[in-house]
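Overview (structure and organization)
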Amino acid sequence: MDPKVVQDFTLGRLKCTNIVKDVISKIVDNLQSSRFSILIDESTDISDSKLIKLFEIFKNLLEEKKISLKNIAGMACDNASVMIGCNNSFMQRLKLEIPRLITLNCICHSSAIVASKPCEKLPSSCENLIVLERNKLLKLSRWLILQKCVVRILENWNVLQNYFVLAVVEDKLKSAEVILSHLNDDIFKAYFLFLKYVLNFFNSFNALFQSRECENLLKLLPLECRQQIKLACLDFYKTAVQEMLKRLPYKDPLFEHLTFLDPKIALYDENRIKIKDLSHIAVIIENIDITQLDFEWRILPSIFDDEQTKELASLEIDEMWGKILAHKDFNDEIMFPNLQLLVEAVLSLPHSNAEAERIFSIVTDAKNKKRNRLSNDTVSAICVTRSSFQAEGINCTNFEIDPRHLELHNSQNLYGNKNTSDEA
């Protein structure tokens, strides 16, 4: 957009509010006709009456927007019992309405817990060295996001030693003496080198890179200290494995069936040994023709020639399936209508509820002391717009106006009888 145009561009409070609410925020996928999943953060009130009220508010909101509960394919939340417990939880109430609902624990929360439990096997002094402002100590449940802090401390180890030497000599601080004693302890440093290595693995979920820093330091320590450190690190790994088996969905058969999305299986007959049909996963979709779905799945590899198949297999999974499902037959009709229903539902399944927690940041940023009169509808429109734009990498410099915006940009939407209580 031309900066000179923007410089002379003005909007009144009413028009600006209505553009956000009734033009921009309307350009999102229509949940009335699409399968989708929900991401929920837990309530801090676990009373039955509050939980029932929360579910009723959620249900009534969808009904108000004319969105069917049957369009919900899956649900993700953190692992609070009030959300996913076996008795009277939000999930149980939703399953009464949607028996085929797929529920997934938030992988991000699970991995954080997996990392926090093994950290309890290490000396607490490792945690106590890292101090936040106002002298608040970091909790072990936050180790996943603190791997960079561990790295920074190791990078500035010598500088920190010199700093606390001055603090001990000049300021006579008792706490500085304790910290300096830790910084001068090679055993303590060995634990930090181990955390630098292992927390990176938990953060990335990628293959372990080879690190020899901790081993090199261990060679300089007495045999007894080496054994003590190695046993503590072994306990770390054992606890981590136990927590991973306990909290991550390794044994869930659903994920084995979801491998049908893999291009190596979807596009090549020879790789379909374990997944010959999609009947097991198709149960999550109501009103789907299983017989026709089976036919569409069987003919899929034969529809495209070798060059097209190779090109499709090189794409990202969502892009690959988008091209496959857009394929039409000689009558110009969609060739895989039932497969499309299944794939769209599966691709909408959530892996975590991190996006739900990001909404809180958007709300506190949008509705502040200077804008405390924003109505709920306006705040909701801002959250929808910003969340959608962030997901698609859209900002004020690359936002493109399309015919749908122009269609909604009319006098009724901009100047109709709207709530004018919003503060610009």
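Being a predicted model, the structure only gives us computed values, none of them experimental.

The next thing to look at is helix α17 (residues 290–303). The end-to-end C-alpha distance of α17 is 20 Å, a good match for the 20 Å that 14 residues give at a rise of 1.5 Å each. All of the buried residues in α17 are Leu293, Glu296, Trp297, Ile299, Leu300 and Pro301. Tucked inside the fold, the buried residues of α17 contact α15 (263–266), α16 (279–282), α19 (317–325) and α20 (337–347).

With respect to topology, three strands assemble into an open sheet ordered β1-β2-β3, the strand pairing being parallel. The sheet is open, and its two borders are formed by β1 (36–40) and β3 (102–105), each paired with just one other strand. Between one strand and the next, the sheet's axes are offset by a mean angle of 20°, whatever the strand orientation. Pairing of β1 with strand β2 (residues 72–77) involves five bridges; the strand directions are parallel. Note that in β2 the partner of Ile40 across the bridge is Cys77.

Time to look at the nonpolar core. Core analysis: the largest hydrophobic core is formed by 35 residues, its most contacted members being Phe260, Trp297, Trp321, Leu339 and Leu342. Broken down by secondary-structure element, the contributors of at least two residues to this core are β3, α15, α16, α17, α19 and α20. When we break this core down by domain, the ones giving at least three residues each are domain 1 (13–106 + 352–413) and domain 3 (253–348). In this view, Leu342 contacts Phe260, Leu278, Ile281, Ala282, Ile284, Ile285, Ile288 and Leu293; residues no more than four positions away in its chain are not counted.

What follows covers the pattern of salt bridges. Under the counting rule described, the total for this entry stands at five salt bridges. For the salt bridge of Lys59 with Glu97, the shortest nitrogen-to-oxygen distance reads 2.9 Å. Here Lys59, found in helix α3 (residues 48–64), pairs with Glu97, found in helix α5 (residues 90–97); they are 38 residues apart in sequence, far enough to count as distant.

What follows concerns the environment of Leu261. Structurally, Leu261 is set in the loop between α14 (253–257) and α15. Looking at Leu261, the relative accessible area reads 10%, which means it is buried. Placed 60 residues apart in sequence, Leu261 and Trp321 show a C-alpha to C-alpha distance of 8.1 Å. Apart from residues lying up to four places away in sequence, Leu261 is in contact with Ile317, Met320, Trp321, Val343, Val346 and Leu347.

Let's shift gears to the packing of α19 against α20. It is the contact of α19 with α20, at a shortest axis distance of 11 Å, that shows an interaxial angle of 160°. With respect to each other, α19 and α20 are oriented roughly antiparallel. For the pair α19 and α20, the sense of crossing is left-handed. Facing Ile317, Asp318, Trp321 and Leu325 of α19, the residues of α20 in contact are Leu339, Gln340, Val343 and Leu347. In terms of residue class, the contact of α19 with α20 is made up of six nonpolar, one polar and one charged.

This next bit is on the side chain of Glu296. Along the chain, Glu296 falls in helix α17. Residues in contact with Glu296, not counting those within four places in the same chain, are Met335, Phe336, Pro337, Asn338 and Leu339.

Let's shift gears to the pairing of β3. In β3, alternate side chains face the same way, and those of Ile102 and Leu104 are buried while those of Thr103 and Asn105 on the opposite face are not. Taken together, the four bridges between β2 and β3 define a ladder with parallel strand orientation. Bridging from a neighbouring strand, Met75 pairs with Thr103 of β3.

Tallying each qualifying case throughout the model produces 12 aromatic pairs. When the centroid spacing of 5.5 Å and the interplanar angle of 70° are considered together, the rings of Phe58 and Phe90 count as edge-to-face. Separated by 32 residues along the polypeptide, Phe58 in helix α3 and Phe90 in helix α5 bring together distant segments of the chain. Taking the centre distance of 6.0 Å and the plane angle of 80° together, the rings of Phe260 and Trp297 count as edge-to-face. With a gap of 37 residues between them, Phe260 in the loop between α14 and α15 and Trp297 in helix α17 connect regions that are remote in the sequence. Phe260 gets classed as buried once you look at its relative accessible area, which sits at 0%. Sitting above the plane of the Trp297 ring, Arg272 keeps its charged end 3.6 Å from the centroid.

Cut-off values and rules
- Residues numbered from 1 in each chain as written.
- Predicted model: local features only at pLDDT ≥ 70, side-chain atom pairs only at ≥ 80, totals over all residues.
- Heavy atoms only, no water.
- Helix = DSSP H or I, 4+ residues; strand = E, 2+ residues; numbered from the N terminus.
- Expected span 1.5 Å × (residues − 1).
- Buried < 20%, exposed > 50% of the residue type's maximum accessible area, 1.4 Å probe, protein only.
- Contact = heavy atoms within 4.5 Å.
- Pairing = 2+ DSSP bridges.
- Axes fitted to C-alpha atoms, helices over the stretch in contact; angles between N-to-C directions.
- Core = buried A, V, L, I, M, F, W, Y, C linked by side-chain atoms within 4.5 Å.
- Domains from an automatic or database assignment.
- Salt bridge = Lys/Arg side-chain N within 4 Å of Asp/Glu carboxyl O.
- Parallel < 35°, antiparallel > 145°, perpendicular 65-115°, else oblique.
- Left-handed = near helix turned anticlockwise from the far one by under 90°.
- Nonpolar A, V, L, I, M, F, W, Y, C, P; charged D, E, K, R; others polar.
- Phe/Tyr/Trp six-rings, centres within 6.5 Å; stacked < 30°, edge-to-face > 60°.
- Lys NZ or Arg CZ within 6 Å of the ring centre and 35° of its normal.

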